[in-house]
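# Structure assessment
Read off the chains here:
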Amino acid sequence: LHCLGGETLLIPAFKKILQALVDAGLNKDAIIGFTTNLTVWPQEVIDVLKNFSHVHVGVSIETLNTVNDYIRWPSKITEVKENLVKFIALANDKDWFTSLRVTPNLFSVYYIDALYEFAFENSVGVESCNFIHRPSFLKIDLLPINMRKVIIEKLQALLNKYTNDQHQEKIINVRQKKVVGQTLITDIQSMISYLQKVGVCDIEYKNLLNFIKTIEQNRGNSIIEHAPEYEKFLRDIGY
């Protein structure tokens with residue numbers, strides 16, 4: 001059973017389903033999957049989950065810095081990282097499978113190398129939910145070539161650091177701890193290829209600026225406060 005939608009850990013039915021499985025004696029055989037955005041840690045739900053032998057924990061996160069707060073407003077990266085560490089520790093203790101679920105977009109991709117490094121260091125997988133394509137003005141395609149070169153260099157440095165220890169083999173099931181390193185490498189290679197091959201889409205700049213202006217007026221924040229590396233690019237297009 002894989003539960004998605006909203007914040008799974010806050011949906012009352014999720015706990016009821018878990019408890020029903022425990023009461024039926026199925027907690028040793030059932031495989032439970034769920035996704036959390038790491039903004040909550042409901043201990044009463046966690047306590048029921050601990051009864052299960054097979055759990056897939058999907059943690060939705062985009063970056064390890066405050067750009068994650070901008071994208072996933074009103075989350076707080078300090079709380080998100082605290083819960084991330086707790087979920088990884090729990091998963092290691094219970095021998096569960098954990099993966100970082102990301103959807104690379106215009107503003108997160110510049111910092112995604114740090115997330116992959118964290119994944120390597122903690123032996124957790126990254127499951128990219130594809131590159132974002134809607135809304136189209138948040139696609140990676142809008143990034144200028146000079147910024148892409150920096151991202152590619154950072155990702156290539158990660159490959160150089162970790163590739164030597166990995167066995168190159170075909171992966172049938174990415175949700176296996178023994179192939180986490182190789183799946184991370186494959187994912188990074190795919191991202192580099194995308195950044196190198198896709199053209200620059202500048203026709204969406206106006207829509208991007210309108211979007212930023214609208215949400216920042218409502219939220220009282222600024223993308224440049226969270227992502228100073230984007231200032232020149234955004235100023236050049238009219239921010």
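Relevant structure appears above.
Residues numbered from 1 in each chain as written. Predicted model: local features only at pLDDT ≥ 70, side-chain atom pairs only at ≥ 80, totals over all residues. Heavy atoms only, no water.

### Topic: the nonpolar core
If you look at the biggest cluster of nonpolar residues, it comprises 79 residues, and the most contacted ones within it are L49, L100, F107, L208, Y230 and L234. Residues contacting L234, with those up to four places away along its chain left out, are F107, L208, I212, I223, I224 and Y239. (Core = buried A, V, L, I, M, F, W, Y, C linked by side-chain atoms within 4.5 Å. Buried < 20%, exposed > 50% of the residue type's maximum accessible area, 1.4 Å probe, protein only. Contact = heavy atoms within 4.5 Å.)

### A closer look at the pairing of strand β3 (residues 54-60)
Of all seven residues that make up β3, five are buried, and the element is covered over most of its length. In this fold, strand β2 (residues 31-36) hands off to helix α2 (residues 43-49), which returns the chain to β3; that crossover is right-handed. When β3 meets strand β4 (residues 97-102), the two strands line up parallel, connected through five bridges. What sits directly across from G58, in β4, is S99. (Helix = DSSP H or I, 4+ residues; strand = E, 2+ residues; numbered from the N terminus. Right-handed = clockwise from strand over helix to strand, strands pointing away. Pairing = 2+ DSSP bridges.)

### Digging into the environment of E82
By the element assignment, E82 lies in helix α4 (residues 77-94). Considered as a pair, E82 and L38 are 44 residues apart in the sequence and their alpha carbons are 8.5 Å apart.

### Side note on the environment of D29
As for its position among the elements, D29 is in the loop between α1 (12-23) and β2. Remark: the alpha-carbon pair of D29 and S53, spanning 24 residues in sequence, is separated by 7.2 Å.

### Details of the pattern of salt bridges
If you walk through the whole model with that rule in mind, you get eight salt bridges. Between D113 and K154 there is a salt bridge whose closest N-O contact spans 3.3 Å. Separated by 41 residues along the polypeptide, D113 in helix α5 (residues 112-122) and K154 in helix α6 (residues 145-162) bring together distant segments of the chain. Classification of D113 by relative accessible area gives buried; the value is 16%. Residues E231 and R235 are paired through a salt bridge, measuring 3.4 Å at the closest nitrogen-oxygen approach. With E231 and R235 both in helix α10 (residues 231-236), this residue pair falls four residues apart, about one helical turn. Judged by its relative accessible area of 31%, E231 is partly exposed. The exposure class assigned to R235 is partly exposed, which follows from its relative accessible area of 44%. (Salt bridge = Lys/Arg side-chain N within 4 Å of Asp/Glu carboxyl O.)

### Some details on the packing of α5 against α6
Axis separation between α5 and α6 bottoms out at 9 Å; the angle between their running directions is 15°. By the criterion of interaxial angle, the relationship of α5 to α6 is roughly parallel. Considering the relative orientation of α5 and α6, their crossing is right-handed. For the pair α5 and α6, contact is made by I112, D113, Y116, E117, F120 and E121 and by K154, L155, L158, K161 and Y162, respectively. When grouped by side-chain class, the residues that make up the contact of α5 with α6 number six nonpolar, no polar and five charged. (Axes fitted to C-alpha atoms, helices over the stretch in contact; angles between N-to-C directions. Parallel < 35°, antiparallel > 145°, perpendicular 65-115°, else oblique. Left-handed = near helix turned anticlockwise from the far one by under 90°. Nonpolar A, V, L, I, M, F, W, Y, C, P; charged D, E, K, R; others polar.)

### Some remarks on the pairing of β4
For β4, a buried count of six out of six residues is recorded, marking the element as mostly surrounded by other parts of the structure. Burial along β4 is two-sided: F97, S99 and R101 and T98, L100 and V102, pointing in opposite directions, are all buried. Where β4 lies against strand β5 (residues 125-128), four bridges are found, and the strand directions are parallel. Bridge pairing links L100 to V126 in β5. Note on the crossover from β4 through α5 to β5: the handedness is right-handed.

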